[in-house]
Amino acid sequence: MKYEDYLEIGGTKLFSRLFIGTGKYASDALIPQIAESSGSQVITVALRRVDFESHTENVIKHIPKTMQLLPNTSGARTSDEAIRIARLAKAMGCGNWIKIEVISDNKYLLPDGYETVKATEILAREGFVVLPYINPDLMVAKQLQNAGAAAVMPLGAPIGSNRGLKTGEMIRILIDEIDIPIIVDAGIGKPSQACRAMEMGASACLVNTAIAGANDPVRMAGAFADAVRAGRSAFLAGPGASRKTASASSPLTGFLDFGDPR
Amino acid sequence: MSFYQSYLGYRDFPFAQYLDAITESQAAAALSKERLKEQDLLTLLSPQAEPFLEDMAQKAHRLTMNQFGSVIFLFTPMYLSNFCTNHCVYCGFNVRNKIGRRRLSFDEVEKEAAKIAETGLKHILILTGEAKKKAGIEYLQGCVKILKTYFTSIAIEIYPLETDEYGKLIASGVDSLTIFQETYNERLYETLHPKGPKRDYRFRIDAPERGCMAGMRSVNVGALLGLDNWRSEAFFTGLHAEYLQRKYPEVEISISLPRMRPQVGGFQPKFTVSDRNLVQIMTAFRLFLPRAGITVSTRESAVFRDSILPLGVTKMSAGSCTSVGGHTSKESGSSQFEISDERGVGEMATALASLGFQPVYKDWQPMEARGDESV
Amino acid sequence: MVVVINGKQEELTESISIGAFLVRKKLDFDTVVIEHNRRIINKEDFHKFVMKENDSLEVLRFVGGG
């Protein structure tokens, strides 16, 4: 029996809830295999100056044409820079999705929520499908929702740290309170962590470092795909509650037994 | 969007059937969840949840300790006027009841305020019947101006106002709004309010939201338990509170659980709400909305109020009297309903302390000098 | 004449169009985006814009990123 569960973003139906990246690979030639074993439909890229000396091939060449490109604004430290990069990315002609990443912290690579909101307001109005990367801050997420973001992407842990869902509780709050999709991005180090994020109710996970840095990236991509599917199914199935027997230190309702005056 | 839309979604819900079909294991599952949904609230209000009352109480107690600690805020109601143009069949102030009608003059308001302030209370709740000619916005603004000099938090429990009218009172110094829907059952509501402006169900149900929009710092909702089946009333109250909390996260939302009490006119409520039932309602609320306040008034007896303290109460009235000018004068006009817990503020504070709670008289104080703008 | 390309000063012996410049650098038009004096230039217009003294050109492409 096939359940039609999909994630809709920017008018596109996504049947895979695993987004992948293209960064940090030993070789871009791995990308087509990663794309296949991950089953992903969304893939991130960055925008950089061409190096006229060394002619590395355009990463786009390695990305299956059916995938949705999600350029990021990495390098931007302010909303103005992010907006500029977004517009340049759009001019490439590969779609109008943009992942807003505004980071002026080189130690932890934590995003600037304020600048992110400013960029989102403008880019959403220009018709971009905006996916902002943020700390799991409820107030920021609400502002992004109001500004027209297509989703929010809270970090599980700092980029590249592979530490898992350190911000789990805060992500849970976003899932409860925010109406647009919550896509956990950054920090996921193991498939089990991605599974847990999906079980909690996240709409999707973006994984880059954990796949690129694995011994066998292609196999790891497949593992993540399985994990995301498992977590999503578990969430949809609705886990039964674990019954904990309350330890009654002293009864709080004993007074009710002394005859009901009413 | 209005809460009324949410109400409509459940208006014709077959509560009796649904509650009947709930199983004990469903109740147990709802009890052990970390985040409760609407259906879970209803499940916990069902008869099948009753065997788990002690478990519910333990969990409610833990949640309250975590969210609010052992602190209970005290306040007292001050009735400014019992003139009323409504014909609410269950209320002592019904225009058809032959009772002494009174409205406090500003002098009397001052005297009453001074008397109450002697007790150390800083939070006051002012009430009126619905008679705009006798106790309209300007009169209320005048009273609030006086009360501001005695109290740091002024709440109103009056007839529903438009948003800008709430805005005017807020500018004068009001910060909290209490308004009960009485019954969320729309059809029953009409029969209970045969005549008078209160007959407008929709206007009333939207009032808490208008208060939030106008800038009230806290808003208190509730249903008069006993008018209709308490299980559905408690459910709607919970939904209403959750709607407001979700839409206006900056406002402190709280719930009251007023049970029908004897009053002039002798209205007999159709449904009984036993102590056990009230405990079930209170603990279910606490589990459903860990951050909502729960207010218990002096409709309840001293013994009962003391017993339910650990179960989620955050605010209590003390030294109450429900007659106009009742704090200062003996001939004070008839009371709205009979008080049960007659303890004064000092007595309440001592009782609370002995039970392990800290009575708090003052929660906060506005920084800007409000009420100086001429509105 | 001196122009700034990707942040570095470069000497151009003659004023050429952006399109011609890219051809010279052996860059596929489809794989780059161009910002000329802070304005994004569409592919179709590469030949229309001729570089002048002190012009600034950004030539960018997609690379791997997370």
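Structure shown above.
Below you will find a few notes about this structure. Only a predicted model underlies this, so the values are computations on that prediction, with no experimental measurement involved.

Formed by 123 residues in total, the largest nonpolar core has its most connected members in B:Leu80, B:Ile126, B:Ile156, B:Tyr184, B:Val219, B:Leu257 and B:Ile281. Leave out the neighbours within four places in its chain, and B:Leu257 touches B:Leu225, B:Leu278, B:Ile281, B:Met282, B:Phe285, B:Ile294, B:Thr295 and B:Glu300. Among the nonpolar cores identified, the runner-up in size contains 63 residues, and A:Tyr25, A:Ile83, A:Ala149 and A:Ile182 belong to it.

Here we take up the arrangement of the chains. Counting contacts across all 2 pairs of chains that touch, the top pair turns out to be chains A and C. No part of chain B reaches chain C; the closest C-alpha pair between them is 33 Å apart.

What follows covers the pairing of strand 1 (residues 71–81) of chain B. Residue and element names in this part refer to chain B. Within strand 1, 9 of the 11 residues are buried, which leaves it mostly tucked inside the rest of the structure. Both strand 1 and strand 8 (residues 315–317) contribute to a ladder of 3 bridges, which runs parallel. Bridge pairing in strand 8 places Phe-73 opposite Lys-315. Pairing analysis gives 5 bridges linking strand 1 to strand 2 (residues 123–128), with the strands arranged parallel. Residue pairing across strands places Thr-76 opposite Ile-124, the latter belonging to strand 2. Running through helix 6 (residues 106–117), the crossover from strand 1 to the neighbouring parallel element strand 2 is right-handed.

This part takes up the sheet that holds strand 8 (residues 153–154) of chain A. All names here are of chain A. As summarised here, the arrangement of the 3 strands in space is 6-7-8, forming an open sheet in which the pairing is parallel. Edge positions in the sheet fall to strand 6 (97–100) and strand 8, since each of these pairs with one other strand and no more. Pairing between strand 6 and strand 7 (residues 129–134): 4 bridges, direction parallel. Looking at the pairing, Ile-100 lines up with Pro-132 of strand 7.

Taken together, the contact between chain B and chain A spans 29 residues of the former and 23 residues of the latter. At the boundary of chain B with chain A, total buried surface from both sides reaches about 2,000 Å², with 53% on carbon and sulfur atoms. Considering only the surface of chain B that becomes buried against chain A, B:Arg35, B:Glu54 and B:Gln58 emerge as the three largest contributors, covering 26% of it. Taken together, chain B and chain A are joined by 2 salt bridges. Between A:Asp176 and B:Arg35 there is a salt bridge whose closest N-O contact spans 2.2 Å. On inspection of chain B and its partner chain A, the count reaches 3 residue pairs in polar contact (both at pLDDT 80 or more). Counting residues per element, the ones that place at least two in the side of chain B that touches chain A are helix 3 (24–32), helix 5 (53–68), helix 13 (275–288) and helix 14 (302–308) of chain B. Per element, the largest residue contribution to the side of chain B that touches chain A is 6 residues, and it comes from helix 5 of chain B.

For the rest of this paragraph, the subject is the packing of helix 1 (residues 3–11) of chain B against helix 12 (residues 230–247) of chain B. Residue and element names in this part refer to chain B. Running from N to C, helix 1 and helix 12 point in directions that differ by 145 degrees, and their axes come no closer than 10 Å. Handedness of the helix 1/helix 12 crossing: right-handed. Packed against helix 1, whose contacting residues are Phe-3, Ser-6, Tyr-7 and Tyr-10, the element helix 12 presents Phe-235, Phe-236, Leu-239, His-240 and Tyr-243 at the interface. The class makeup of the residues in the contact of helix 1 with helix 12 is 7 nonpolar, 2 polar and no charged.

Moving on to the packing of aromatic side chains. Residues and elements named next belong to chain B. All chains considered together, the criterion is met by 23 aromatic pairs over all chains. When the centroid spacing of 5.0 Å and the interplanar angle of 65 degrees are considered together, the rings of Phe-13 and Phe-15 count as edge-to-face. Given the relative accessible area of 25%, Phe-13 is considered partly exposed. Seen from their ring centres, Phe-235 and Phe-236 are 5.8 Å apart, and the 55 degrees between their planes marks the pair as tilted. For the residue pair Phe-235 and Phe-236, the accessibility class agrees, reading buried in each case. Over the aromatic face of Phe-304 sits the side chain of Arg-259, whose NZ or CZ is 5.0 Å from the ring centroid.

Right, let's talk about the environment of B:Leu289 for a bit. Residues and elements named next belong to chain B. Tracing the backbone through its elements, the reader meets Leu-289 in the loop between helix 13 and strand 7 (293–296). Taking C-alpha positions, Leu-289 is 8.8 Å from Arg-35, a pair spaced 254 residues apart along the chain. When sequence neighbours within four positions are dropped, the list of residues in contact with Leu-289 reads Gly-238, Ala-241, Glu-242, Gln-245 and Ile-255.

Counting residues at the interface gives 31 residues for chain A and 25 residues for chain C. A buried area of about 2,500 Å², summed over both sides, lies between chain A and chain C, and 60% of it is on carbon and sulfur atoms. It is A:Arg49, A:Phe52 and A:Met92 in chain A that bury the most area against chain C; as a group they hold 29% of the surface buried on that side. Summed over the shared surface of chain A and chain C, the number is 2 salt bridges. Scanning the region where chain A abuts chain C turns up 14 residue pairs in polar contact (both at pLDDT 80 or more). Broken down by secondary-structure element, the contributors of at least two residues to the side of chain A that touches chain C are strand 4 (42–49), strand 5 (68–71) and helix 2 (79–91) of chain A. At 6 residues, strand 4 of chain A tops the list of elements feeding residues into the side of chain A that touches chain C. Of the residues assigned to the side of chain A that touches chain C, the class counts are 14 nonpolar, 9 polar and 8 charged. As judged from the 5 bridges shared by strand 4 of chain A and strand 5 (residues 56–64) of chain C, these two strands associate in the antiparallel manner.

Cut-offs applied
Residues numbered from 1 in each chain as written. Chains lettered and ligands numbered in written order. Predicted model: local features only at pLDDT ≥ 70, side-chain atom pairs only at ≥ 80, totals over all residues. Heavy atoms only, no water. Core = buried A, V, L, I, M, F, W, Y, C linked by side-chain atoms within 4.5 Å. Buried < 20%, exposed > 50% of the residue type's maximum accessible area, 1.4 Å probe, protein only. Contact = heavy atoms within 4.5 Å. Helix = DSSP H or I, 4+ residues; strand = E, 2+ residues; numbered from the N terminus. Pairing = 2+ DSSP bridges. Right-handed = clockwise from strand over helix to strand, strands pointing away. Buried area = accessible area lost by both parts, 1.4 Å probe. Salt bridge = Lys/Arg side-chain N within 4 Å of Asp/Glu carboxyl O. Polar contact = N/O pair within 3.5 Å; in protein donor to acceptor, adjacent residues only side chain to side chain. Axes fitted to C-alpha atoms, helices over the stretch in contact; angles between N-to-C directions. Left-handed = near helix turned anticlockwise from the far one by under 90°. Nonpolar A, V, L, I, M, F, W, Y, C, P; charged D, E, K, R; others polar. Phe/Tyr/Trp six-rings, centres within 6.5 Å; stacked < 30°, edge-to-face > 60°. Lys NZ or Arg CZ within 6 Å of the ring centre and 35° of its normal.

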